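Topology and contacts: notes
Spelled out from the first residue to the last, the chains are:
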Amino acid sequence: MNGRTTKLGSVIGAALLALGALSVAGCPGDDDGSGDGGTSFLGDIGKQCGLECPKAGEGVASGNASISGYSAIDGFFRSVVNYNTVAAGVSADIDAELTGIQSLFQISDAELSGKTLGAAITAKLQADFKASVVVNAQPAKCSVDAHFAAEASAKCQAAANCKGTAGMASVKCMGTCTVEASATGTCDASAKVRCNVSGPAVACQGECSGSCSVMAPSVSCAGSCKGQCSGTCSAAGDANGDGVTASGECVGSCSGMCTGSCEVSGMAAASCQGTCNGSCEYTPPSAKCEANAKVTCDLDVNASAQCTGSCDGNFEPPSVMCEASGSCQASAKAEARFQVKCTPPSVEVKVVAQGGVAAQAQVNFLIAELKARLPRLSAAQARAKLAAEAGAELSSAGTAAVQTTASAVVNGKVNLFTGAKITACVPDQLKESQTVVASASAELKKRTDNCESVAKAFGMVM
């Protein structure tokens, strides 16, 4: 940080001369509300002109983002303030779920001394419940609103009088871009197109999340078969208890070929060539989805394309060539990640108990609670990771962009008063921003580590 801020110090002499000129010509109005009661870096002349910088700890650290009076730079400080708020909120969400899980397993704070919550859960399961728990779930899915990021970047650059900001409606997405259900939803030529339709009795030639019914003379079946099963049929309710009726029809689960109707249901998507009750995802032969389908564009990891929907992966907000573009991009990217939406995954909890009926009753209660808490914990963990990534970029690339912007605008791009204020106040607030980001990131790291330990105890991926 010190290396970056010394560049601003090189124009302090010019700022002093500028203030001297202002003291003779009269001070302009200070309408940016940059704080009151702060000590002036440039002495009495600066104070006379209203050019006072916040005291240590009373700027960004206390939620004050009105530092320089220049929109692109103060937008960065606002993002640092917002990061602190978002990190605290996500940390609280994770704490709520972890505390609930700790209480669920009746683990005292003393039992946590010197060990992670995950290790304590593993020990409790073995000692008290004589049980093992396995959780099957995919990680939570998160995506940022590309339109939000594009709009934020465009507004910031327009406020800084950058030219050519009209029509900046999309971001570059390096990952998966999803366009909401629309007849006009299209993908870049380099992307793989997937379509998703939902509802009862949807014709499906793809992956069905829900239940899939297939009626055919003979079809491979790993579900409920109503007809003849050439493989293994198992179920209760028939005379023999083997799932096969007296007439030879399978009335239960078939593992093999089913002559009749086969219905498969479950948490995960399964291949379906029939009727799907839920959501069906398929790859269209013409790279064009039907009118009511959600369009998903999968991009190669090294490729990027314009995205107007939601982006799951890295992304770049739009920019034009101007002094403020780097700062505006940094703040827009961070703000979009702060607004990220994470969908909790469905979870399947399997418990093997060896403690008899009483223990089984307790285990059933555990299953119900874990099914409710673990998806929320997974979503909060995913949000925490994205927030932490945004904080890291604010601390590195964002700070460098603000440094570049500040140096450029001070050198003749703004009026003397604003240039003097940028020179006087920004360096110390950049240092304070680093402290704020580091502290918030450290708190997030504690929570995400705890989440990982709990996931490991259940054999779960987060």
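The notes below deal with the structure included here.

Rules used in this analysis
- Residues numbered from 1 in each chain as written.
- Predicted model: local features only at pLDDT ≥ 70, side-chain atom pairs only at ≥ 80, totals over all residues.
- Heavy atoms only, no water.
- Helix = DSSP H or I, 4+ residues; strand = E, 2+ residues; numbered from the N terminus.
- Buried < 20%, exposed > 50% of the residue type's maximum accessible area, 1.4 Å probe, protein only.
- Contact = heavy atoms within 4.5 Å.
- Areas by Shrake-Rupley, 256 points an atom, 1.4 Å probe, with all protein chains shown as cover.
- Phe/Tyr/Trp six-rings, centres within 6.5 Å; stacked < 30°, edge-to-face > 60°.
- Lys NZ or Arg CZ within 6 Å of the ring centre and 35° of its normal.
- Pairing = 2+ DSSP bridges.
- Core = buried A, V, L, I, M, F, W, Y, C linked by side-chain atoms within 4.5 Å.

This part takes up the overall build of the protein chain. In terms of helices and strands, the protein chain carries nine helices and 13 strands. For the protein chain, the residues scored as buried account for 46% of the 462 residues in total. Within the protein chain, contacts between residues separated by at least 24 positions form 82% of all contacts whose residues are at least 6 apart in sequence. Carbon together with sulfur atoms contributes 53% to the accessible area of the protein chain, which is approximately 21600 Å² in total.

Applying the stated criterion to the full structure yields three aromatic pairs. Their ring planes at 65° and their centres at 5.5 Å tell us that Phe76 and Phe77 sit as a pair that is edge-to-face. Accessibility assignment for this pair places Phe76 and Phe77 in one class, buried. Taking the ring centre of Phe315 as reference, the NZ or CZ of Lys333 above it sits at 5.6 Å.

Of the pairings in the sheet, the one linking strand E2 (residues 141-145) to strand E11 (residues 310-316) comprises two bridges and is antiparallel in character. Each bridged residue has a counterpart across the sheet, and for Val144 the counterpart in E11 is Cys311. Examined bridge by bridge, strand E3 (residues 171-179) and E11 share seven bridges and lie antiparallel to one another. Its bridge partner lying in E11, Met174 is registered against Asn314.

Time to look at the nonpolar core. By size, the foremost hydrophobic cluster in this structure holds 75 residues, and its most contacted members are Phe105, Ile121 and Phe458. Elements represented by at least two residues in this core include exactly helix H4 (71-104), helix H5 (117-129), strand E1 (131-136), helix H6 (146-159), helix H7 (325-338), strand E13 (348-353), helix H8 (356-410) and helix H9 (416-457). With 15 residues, the single largest contributor to this core is H8. Excluding anything up to four places from it in sequence, Ile121 contacts Ile101, Phe105, Ile107, Val454, Ala457 and Phe458.

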